[in-house]
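Single-letter residue listing:
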Amino acid sequence: MILLWGSNARAAHPIFFHHVLRGIHNGARMYCIDPRRSESARWADVWLGIDVGSDIALANAMGKVIIDRGLHNDQFIRHATTGFDDYVQMVNDYPLGRATEITGIPGGAIEEMAIAYATAETAQICWTLGITEHHNATDNVLALINLALLTGHVGRYGSGLCPLRGQNNVQGGGDMGAIPNKLPGFQDVENDELRARVEGIWGRSIPPKRGWHLTQMFEAMEAGMLRGLYVIGENPAESEADVNHARKLLDHLDFMVVQDIFMTRTAERADVVLPSAADWCESEGTVTSSERRVQRVRKALDPPGEARTDLDIVSHMAEAMGGGWGRPSAEEAWDELRRVSPMHAGMAYRRLDALGGIQWPCWNEDHPGEKFIHHRLWADPLVGDPVPFIPTEWVTPVDRLTQDYPYRLTTGRHLDGFNTGVQSGGFDSPIRIGGTLDLSSEDAVRLGVNDGDVVRVSSRRASIDVPARVDEGLREGLVFMTLHYPETADVNQLTIEAWDPKSGTAEFKATAVRLEKVGA
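Okay, so let's go over this structure.

Conventions we followed
- Residues numbered from 1 in each chain as written.
- Predicted model: local features only at pLDDT ≥ 70, side-chain atom pairs only at ≥ 80, totals over all residues.
- Heavy atoms only, no water.
- Axes fitted to C-alpha atoms, helices over the stretch in contact; angles between N-to-C directions.
- Helix = DSSP H or I, 4+ residues; strand = E, 2+ residues; numbered from the N terminus.
- Parallel < 35°, antiparallel > 145°, perpendicular 65-115°, else oblique.
- Left-handed = near helix turned anticlockwise from the far one by under 90°.
- Contact = heavy atoms within 4.5 Å.
- Nonpolar A, V, L, I, M, F, W, Y, C, P; charged D, E, K, R; others polar.
- Expected span 1.5 Å × (residues − 1).
- Buried < 20%, exposed > 50% of the residue type's maximum accessible area, 1.4 Å probe, protein only.
- Pairing = 2+ DSSP bridges.
- Polar contact = N/O pair within 3.5 Å; in protein donor to acceptor, adjacent residues only side chain to side chain.

Details of the packing of helix α3 (residues 55-68) against helix α9 (residues 137-151)
Part 1 of the reasoning: Here α3 crosses α9 at 15°, and the two axes come no closer than 9 Å. As far as their axial angle goes, α9 and α3 are roughly parallel. Considering how the two elements wind past one another, α3 and α9 form a crossing that is left-handed. For the pair formed by α3 and α9, the contact residues are Asp55, Ile56, Ala59, Met62, Gly63, Ile66 and Ile67 on the first element and Asp139, Asn140, Ala143, Leu144, Leu147, Leu150 and Thr151 on the second.
Part 2 of the reasoning: Looking at the contact of α3 with α9, its residues break down into nine nonpolar, three polar and two charged.

Have a look at this one:
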């Protein structure tokens, strides 16, 4: 059983989706929960066309069905979890009738999926940005985790929770400490004992309070508290929600450095641009996959012109600023990481080479790496702390639909594009659609719009003109755009910057808009 939830993996994660298809061909059933009947949904046994932003209500209703029918894994719950009674009390407020009213999904379909998930021998929930790009992103994920705890579909072969990362090596970035409240290896920076241990290795003091995430950085720019910015491999001048506001803030900084392989719209605003190498093929290092597998990256080409690897640039910057780091090799930097992060301690380069990669945690050089990160939940006696159920209540998207803004705009990816199009936009593709406003046939008739007609899309923040495209995978009232073509369809002028206080992620997936035809 596969629940593909808030993910068009066929377009956004095509290599991963080949593994999904292998499972389907081997007999696995797949339910796809997505507002659109996407390319992925067409492979599903059942597609549930959920209303944008109602995922928690659906998950809670499933939980109630499972409990009411006695299909929850009582033994696992008593052995490995806490907070079950509070969870039961909360999901009782989500009967099928109310869930249908909120989600738009028939109660019979919700019930069928809940029973199928609970009774499957093995089951996985796979999700991506359709779950996490909301103002309550963390609660969305917690609602899915609750379902896995309820059924015991976690920590064993064929069952689990599978967050599909938005970009290559996002997992590795988090592992290395590129999170404002974490040191390498997900060690809490506000934990005095953990912080002191790392300070001893680095020989430097570490601020005892968490830093700003990206959204808080922009708030700090607006407040005049952040005056300089060093941007590495990021393009916020095109990727931020309410991007016109973001561009104004970037333009009023005292100083900005951009380190990138392309002259992005962010780099064009910089005081200094540092040309970096394409580290996936022009330097040595490591990469971590979504299954926590660390693998070697090997240099295949020399960087062009004056471009340097990111490690080389950062090391030179540190030297110029009096840091005295020297010029560490990729392996030397990795060995330092192994000293700092206990969960990487056993991953010497020679072992990564010999084994073709190792999954963390890997505590020492005799350890093979953990195949299942939550396998401990099945150990008797339990290893470590039990996992809490965390009741999560449904709330509506921030950008409300009204008579003036009656359409729900959601965003996503095309198979031939990547993020803001900086890397993929320079190449032709026989399957390229380009920047369009996709809408249902019913809405096209109502507006008198045909394919290619120009439509003005207006949110509470901006208006843009884009060509229309009728998509039979969309329902009335739901429209779709992709972020790959900001030069011609700058969708992030429209999106709202409301963000999740726990993760910092903006609500890209739920914008209220109005539409009007402006030309053929």
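That shown, we press on.
Some points on helix α7 (residues 107-119)
Part 1 of the reasoning: With 13 residues, α7 extends 18 Å between its outermost C-alpha atoms, agreeing within 8% with the 18 Å of an ideal straight helix rising 1.5 Å per residue.
Part 2 of the reasoning: Inspection of α7 places Gly107, Ala109, Ile110, Met113, Ala114, Ala116, Tyr117 and Ala118 among the buried residues, and these make up the whole buried set.

A word on the sheet that holds strand β10 (residues 255-260)
Part 1 of the reasoning: The strand order β9-β10-β11 describes an open sheet built from three strands, whose pairing is parallel. Of all strands in the sheet, those with a lone pairing partner are β9 (228-232) and β11 (272-275), marking the two edges. Along the sheet, successive strands turn relative to each other by an average axial angle of 10°, direction set aside.
Part 2 of the reasoning: Pairing between β9 and β10: five bridges, direction parallel. What sits directly across from Tyr230, in β10, is Val257.
Part 3 of the reasoning: Across the face of the sheet, helix α16 (residues 310-320) comes into contact with β9, β10 and β11 while running at roughly 155° to β9.

Observations regarding helix α11 (residues 192-202)
Part 1 of the reasoning: Of the residues flanking the start of α11, the one acting as N-cap is Asn191, its side-chain oxygen 3.0 Å from the backbone nitrogen of Glu193.
Part 2 of the reasoning: Following α11 by one or two positions, Gly203 adopts a phi angle in the positive range, close to 70°.

Shape descriptors only; they carry no functional weight alone.
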